[in-house]
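An overview of the molecular structure
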Amino acid sequence: MRHDFSELKLDRVTRRFAGAGGKAFNALDELTLTVRRGEFIALLGPSGCGKSTALNCIAGLMQLSGGTIWLDDTRIDTLPPESRGFGMVFQNYALFPHMSVAKNIGFGLRMRNVAAAEIAPRVEHALKLVQLVGQAHKLPGQLSGGQQQRVAIARAIVIEPPLILMDEPLSNLDAKLRIETRAEIRRIHRELDRATIYVTHDQDEALSLADRIVVMKDGVVQQIGAPPEVYGQPSNLHVARFMGYRNVLELDVTGQDGDRVTLAGPDISLSGVRKQPLAGKRAMVAIRPEEIVVTDSSAHGNTIDGRVDNVEYCGRDALLDIVTASGALLHVRGAVTIRRGDVVRVQVPVERTLVYPPT
Amino acid sequence: MPASADTLARTPFDRTLLLVIPAAAFMLLLFVYPFLYGLALSFNPKEGGPLANYAHFFTTDNLWPTIWITLKLALPATLVNVGLALPIAFKMRVKTRYQRWVTTILVVPITLGTVLIAEGMLLYFGPKGWLSQFLQFAHLYEGPIRLTHNYWGVLISLVISGFPFAFLLILSYITGIDPVLARAAATLGADPKAQFRHIYLPLLAPGLAMCFCLAFVQAFSVFPSAVLLGSPAGPTRVISIAAYEAAFEQYDYSLASAIAMIMGFVQLIIVSAVLSLRNVFYRGPVSGGKG
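Being a predicted model, the structure only gives us computed values, none of them experimental.

This part is about the packing of helix α4 (residues 65-91) of chain B against helix α10 (residues 192-220) of chain B. Residue and element names in this part refer to chain B. As a packed pair, α4 and α10 sit with axes 9 Å apart at the nearest point and diverge in direction by 145 degrees. The handedness of the crossing between α4 and α10 is right-handed. On α10, the residues that touch T70, L73, A74, A77, T78, N81, V82, L86 and F90 of α4 are F196, Y200, L208, C211, F212, A215, F216, A219 and F220. Taken together, the residues of the contact of α4 with α10 break down into 15 nonpolar, three polar and no charged.

What follows is the structure, encoded as structure tokens:
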């Protein structure tokens, strides 16, 4: 077992399961990814997209059906989990209920035959890192959910693993605690400088934590990129939908000039940027609600007229549902002064109007 | 009048409590009353003072050794049953294609009565039984095989009839332990042996103690197989035989009651010793957190 590495390489890692009716399906299909030392990677996708399968394959808790995993020049996908030495944080914490907090955290060290005299200070240090000093003697059942999750993190990092794996570690916490613990995870990652692979279905978590995001769907990687890239330039319509491009309109293509595309519907005509090659006459336009601006009738260029059908008050602004004369629905963020029934004109920047082929 | 007292007084009677009545009546009529009757009877001997029966038991050479004879059968049988059931149940904890078949085959003896098991064993293990004939036929062992009408016959029958109970009980305890705990231990460097020792065993300990108690009580009250498969006059003259003889051969119900009380007391000692050991271990939910 090693404490450091420069590259973890997943090469076409595949995992097949027997599905309904005995038909096998690929829960994970040829995942190829290189994780560098100290990097924070988020595997992002809806449930069933294969992200947890990928994590279990890396941890050694699941056998691969195909592909290889390399830690620098050592092949590790044939090793059992106990020989890989990666720290893992589980969704439901998986703390040992019969052991005190200190015993839980020290478990990995005991398994490595670290001298008892050395275990105590290292456990103490880990407790300090997750801010749980003074709880060492308690049983997991006596802690709150957030504290339990921090014990789980301490238990995974105290063994100084080269790689930390986290499987939706925040999904069992309430909203406030989730944001606090998220910041905690970011801080710990900064202090330890250990490569981390983090599985989540929450795009905010992925965006705020990761150096790179791997967006997955049905076992297949859709896009790998830095958070601003995935957020601003989704590589396909699926990623766009998942990253919060709530407005998706199907329109006719009326012209193409390089990346620029002009499109038209019954009462909408827009210009946008093509993100994928367009083959047919129809195309999908994806726009984020917060990138649409409510203007007045004097504005021109990439505008849409409609009537406000619904208003959701959000404090700083409101979420508006705007319906055009032909019945197309737009979600828009606007001022709280706008009322239901108002007739409005909205405008969207051309470079924020993303065009994809229809799916 | 204070409001709290008022609400207390008006707390409606929970009528579901009435459901306890049949069970309570059952216990009272079929256990508590006969037990107290027997206890009183044991202090009313045919002759002598109130403790005469107990004095008789502990000074008579064919009575007091029955305690040891019974313990010598019941304790090893219990240890073997729990000891065999634990690793097999551990292997059977994960669902595989074979799990249901193996479990079914292991549990079948539950459906056989002790008498049926005894009959089968006499045919199979007896001096002219299949086992003996096969070994001689295959020239593996030429001598006579004595596995019936002695200590071993009774022990084997106790294992056959007791194992399924121990196995089912331990299987239910093991499957109750969240397998993610073992996976977590594995990522922390615990090989399968260490996972068993540090995770499964401590979490199973209270259940094993419970299983031991139930299996022991069952084995300690052995009667039919001790008669049919043992030598009830000698090495397998267990305590229940002594009680039976007192009651139905000497018609001394008082002495029989005293023997039954002693039998219960010995069981109580072993059971409370094991259960107090149980308190040493962690007892509580066996999952690793939320979800």
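Bringing the domain arrangement of chain A into the picture now. Residue and element names in this part refer to chain A. Domain boundaries in chain A define domain 1 (7-238) and domain 2 (245-356). Taken over C-alpha atoms, the centre of domain 1 sits 39 Å from the centre of domain 2. In this assembly, five residues from domain 1 lie in contact with seven residues from domain 2. Considering only residue class, the side of domain 1 that touches domain 2 consists of two nonpolar, three polar and no charged.

Moving on to the interface of chain A and chain B. Many authors give the size of an interface as the accessible area that is lost as the parts come together. Between chain A and chain B, the residue contacts involve 28 residues of the former and 23 residues of the latter. Looking at the side of chain A that touches chain B residue by residue, the class counts come to 15 nonpolar, ten polar and three charged.

We now examine the pairing of strand β16 (residues 303-313) of chain A. All names here are of chain A. For β16 and strand β19 (residues 343-347), the ladder comprises five bridges, and the chain directions are antiparallel. By the bridge assignment, T303 is partnered in β19 with Q347. Pairing of β16 with strand β17 (residues 318-323) involves six bridges; the strand directions are antiparallel. Across the sheet, R307 pairs through a bridge with V323, a residue of β17. Between the end of β16 and the start of β17, which pair antiparallel, lie four residues, with G315 showing a positive phi angle near 95 degrees.

A separate point is unusual backbone geometry. All names here are of chain A. Phi is positive for E30, which is not a glycine, with a value near 50 degrees. With respect to the helices and strands, E30 occurs in strand β2 (residues 24-36). Within the chain, D218 stands out as a residue other than glycine whose phi angle is a positive 50 degrees. With respect to the element layout, D218 can be found in the loop between β9 (212-217) and β10 (220-225).

The next subject is the environment of A42(A). Relative to the assigned elements, A42(A) resides in strand β3 (residues 40-44). When neighbours within four sequence positions are excluded, A42(A) is seen to be in contact with Y198(A), T200(A), A206(A), L209(A), A210(A), I213(A) and V214(A).

Here chain A shows a mean pLDDT of 92. Residues at 70 or above account for 99%. When mean pLDDT is compared element by element in chain A, β3(A) scores highest at 96, while helix α6 (residues 175-192) of chain A scores lowest at 88.

All names here are of chain A. Across its 14 residues, helix α4 (residues 116-129) extends 20 Å between first and last C-alpha, which sits within 8% of the 20 Å expected from 1.5 Å per residue. When we look at burial in α4, the residues that qualify are I119, V123, A126 and L127. Seen from one end, α4 has its buried residues packed into an arc of 100 degrees, which puts them on one side. For α4, the exposed residues lying more than 90 degrees away from the buried face are A117, E118, P121 and K128. At its buried positions, α4 is contacted by α3 (101-111) and α5 (145-157).

This brings us to the pairing of strand β11 (residues 247-257) of chain A. Residue and element names in this part refer to chain A. As judged from the six bridges shared by β11 and strand β14 (residues 282-287), these two strands associate in the antiparallel manner. Directly across from E250, in β14, lies its bridge partner M284. The pairing of β11 with strand β12 (residues 260-264) spans five bridges and is antiparallel. Among the inter-strand pairings, V253 is bridged to a residue of β12, identified as L263. Linkage of β11 to β12, two consecutive antiparallel strands, is achieved through a turn of two residues, within which G258 is found at a positive phi near 65 degrees.

Before going further, it helps to spend a moment on the sheet that holds strand β5 (residues 74-75) of chain A. The pairing of strands in a sheet happens through backbone hydrogen bonds and is either parallel or antiparallel. Residue and element names in this part refer to chain A. Spatially, the four strands line up as an open sheet ordered β2-β1-β4-β5, and their pairing is antiparallel. Where the open sheet ends on each side, the last strands, each with one partner, are β2 and β5. Pairing analysis gives two bridges linking strand β4 (residues 66-71) to β5, with the strands arranged antiparallel. Note that in β5 the partner of W70 across the bridge is R75. Docked against the sheet, helix α1 (residues 51-59) engages β1 (7-18), β2 and β4, running at close to 65 degrees with respect to β2.

The rules we used
- Residues numbered from 1 in each chain as written.
- Chains lettered and ligands numbered in written order.
- Predicted model: local features only at pLDDT ≥ 70, side-chain atom pairs only at ≥ 80, totals over all residues.
- Axes fitted to C-alpha atoms, helices over the stretch in contact; angles between N-to-C directions.
- Helix = DSSP H or I, 4+ residues; strand = E, 2+ residues; numbered from the N terminus.
- Left-handed = near helix turned anticlockwise from the far one by under 90°.
- Contact = placed C-beta atoms within 7 Å.
- Nonpolar A, V, L, I, M, F, W, Y, C, P; charged D, E, K, R; others polar.
- Domains from an automatic or database assignment.
- Pairing = 2+ DSSP bridges.
- pLDDT = per-residue confidence, 0-100.
- Expected span 1.5 Å × (residues − 1).
- Buried ≥ 20, exposed ≤ 12 C-beta atoms within 10 Å, placed from the backbone.
- Arc of directions from axis to C-beta.

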